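Observations on the model geometry
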Amino acid sequence: MTHPYSDLGPEAYWKTAVADKGAFGLSELWTPKFKVRKTDKIVTFGSCFAQHFGRALASRGYAWHNCEPAPPYLPQETARDYGYGVFSVRTGNIYTPAMLLQWLQRAFDEVETQDEIWNEDGRWYDPLRPAIEPNGFASEEELWEARDRSLAAMRRAVTEANIFVFTLGLTECWRSTETGLEYAICPGTAAGTFDPEKHQFMNTSQRMTLRYMENAIRILRRRNRRLRILLTVSPVPLTATASGQHVMVATQYSKSVLRATAGILAQEFPAVDYFPSFEIITHPIFRGMFFAPNMRSVEPEGVNTVMGHFFADQARVFGAEKSGPVAVPSPEEAPL
């Protein structure tokens, strides 16, 4: 008797695809929708795990596209401290889909926005990225000029790129009750002053998370019809939660919502794909071996395993990239 499972390959069965192969025998975890070529301009944004992705691409000769390079007089280590070369634009971490949407709406003047900046001890901080200037800006004018440069760089990133990589990191966030602005961090933790009357905790639902990402993708595709979007989910647990739940339970909620959102988007949009770096790092078959002793930071071996699967599955589906001259980023342009 035949049935829908009769003709499935070994990859469809847990025993043959996982149990028999073990952690380092896994293969064909991903069937990519589109080829990532060395000549493609690739931009990377999102939570901290996106840094690993950009660095790995650049190290293999792929054209990671730095749209806001550091001034030439800044040493590399100092440039990184000031947010250069970490992502394709000096955005700092973009943890949530709503924050990505904020950046895109501001870059392309999609909506009228209310804004604010923080002053602390005579120094000025940008709530969208308070950590990019470790000691704050010297003046309001300097802050706004820097923001304008980054918004222009974001426009270039979207309109010039072939592939837009975004790593979803969090569902928890803090927002202004007056302007609706979503902050990169809770005011008062690294900059700014917390005010319970003005600052509201939010933990976005799966429905809202999906809506934010759909709106962001529509802006990206409207501004660049050839742009392909590759989503990943950060495997890094929450540092802390304001949800009232245990941080481990809160982490599971957040990652579940983000993973579900990425999967739906990959099904919904032909130009959107999802790469399972989250599963590779966090799945029980790996027994936590890719995490540092703090069970939060991802060790280099984990990143190498993730990218090994990425390139292996690209080669399996589309064939290996041909060798030859490649536009390799200079040390100043490559992720630090």
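With antiparallel pairing, 3 strands are arranged side by side in an open sheet as β7-β6-β8. Only two strands of the sheet have a single partner each, and these edge strands are β7 (182-183) and β8 (199-203). Pairing between strand β6 (residues 172-176) and β7: 2 bridges, direction antiparallel. Following the sheet pairing, Trp174 is matched in β7 by Tyr183.

The subject of this paragraph is the sheet that holds strand β9 (residues 228-233). On the basis of which strands lie adjacent, the open sheet formed by 5 strands has the order β2-β1-β5-β9-β10 and parallel pairing. With partners counted over all chains shown, the strands left at the sheet margins are β2 (63-64) and β10 (272-274), one partner each. The sheet contact formed by strand β5 (residues 163-168) and β9 spans 6 bridges and is parallel. Pairing of Ile163 across the sheet is with Arg228, part of β9.

What follows covers helix α4 (residues 97-107). Owing to its 3.6 residues per turn, the α-helix aligns residues three or four sequence positions apart on the same side. Extensive coverage of α4 is indicated by the burial of 11 of its 11 residues. Inspection of α4 places Pro97, Ala98, Met99, Leu100, Leu101, Gln102, Trp103, Leu104, Gln105, Arg106 and Ala107 among the buried residues, and these make up the whole buried set. In this fold, the buried residues of α4 make contact with α5 (140-160), β5, β6, β7, α6 (206-223) and α7 (247-268). One or two steps after α4, the chain reaches Asp109, where phi turns positive at roughly 50 degrees.

Another point: the environment of Phe194. Positionally, Phe194 belongs in the loop between β7 and β8. Residue classification places Phe194 among the partly exposed residues on the basis of a relative accessible area of 37%.

Here the focus is the packing of α4 against α6. For the pair α4 and α6, the least separation of the axes is 8 Å and the interaxial angle reads 30 degrees. The orientation of α4 with respect to α6, classified from their angle, is roughly parallel. In this structure, the crossing between α4 and α6 has a hand that is left-handed. Contacts from Pro97, Ala98, Leu100, Leu101, Leu104 and Gln105 of α4 reach α6 at Thr209, Tyr212, Met213, Asn215, Ala216, Ile219 and Leu220. Here the contact of α4 with α6 is built from residues that sort into 10 nonpolar, 3 polar and no charged.

Taking 1.5 Å as the rise per residue, helix α9 (residues 300-318) with 19 residues should run 27 Å; its terminal C-alpha atoms sit 27 Å apart, in good agreement. Taken together, the buried positions of α9 are Gly302, Val303, Thr305, Val306, Met307, His309, Phe310, Phe311, Asp313 and Gln314. For α9, the elements touching its buried residues are α2 (49-59), β9 and α8 (277-282). Of the residues one or two after α9, Gly319 is the one with positive phi, at around 90 degrees.

On to the packing of aromatic side chains, then. On inspection of all chains with the given rule, the structure shows 13 aromatic pairs. Ring centres 5.1 Å apart and planes at 20 degrees place the aromatic pair Trp30 and Phe310 in the stacked group. Here Trp30, found in the loop between α1 (14-19) and β1 (41-46), pairs with Phe310, found in helix α9; they are 280 residues apart in sequence, far enough to count as distant. Residue classification places Phe310 among the buried residues on the basis of a relative accessible area of 1%. With a centroid separation of 5.2 Å and an interplanar angle of 85 degrees, the aromatic rings of Phe53 and Phe310 are classed as edge-to-face. Of this pair, Phe53 sits in helix α2 while Phe310 is found in helix α9, placing the two residues 257 residues apart along the sequence. Of the two residues examined, Phe53 and Phe310, each falls in the buried class. Through pairs of rings, three or more aromatic residues link up here, namely Trp30, Phe53, Tyr62, Phe275, Phe310 and Phe311.

Moving on, we come to the packing of α6 against α7. Between α6 and α7, whose axes approach to 9 Å, the crossing angle comes to 45 degrees. When the axis of α6 is compared with that of α7, the two are oblique. Like other packed secondary-structure pairs, α6 and α7 cross with a definite hand, here right-handed. Where α6 abuts α7, its residues Gln206, Thr209, Leu210, Met213, Glu214, Ile217 and Arg218 lie against Tyr253, Val257, Leu258, Ala260, Thr261, Ile264, Leu265 and Glu268. Residues belonging to the contact of α6 with α7 are distributed by class as follows: 9 nonpolar, 3 polar and 3 charged.

What counts and what doesn't
- Residues numbered from 1 in each chain as written.
- Predicted model: local features only at pLDDT ≥ 70, side-chain atom pairs only at ≥ 80, totals over all residues.
- Heavy atoms only, no water.
- Pairing = 2+ DSSP bridges.
- Helix = DSSP H or I, 4+ residues; strand = E, 2+ residues; numbered from the N terminus.
- Buried < 20%, exposed > 50% of the residue type's maximum accessible area, 1.4 Å probe, protein only.
- Contact = heavy atoms within 4.5 Å.
- Axes fitted to C-alpha atoms, helices over the stretch in contact; angles between N-to-C directions.
- Parallel < 35°, antiparallel > 145°, perpendicular 65-115°, else oblique.
- Left-handed = near helix turned anticlockwise from the far one by under 90°.
- Nonpolar A, V, L, I, M, F, W, Y, C, P; charged D, E, K, R; others polar.
- Expected span 1.5 Å × (residues − 1).
- Phe/Tyr/Trp six-rings, centres within 6.5 Å; stacked < 30°, edge-to-face > 60°.

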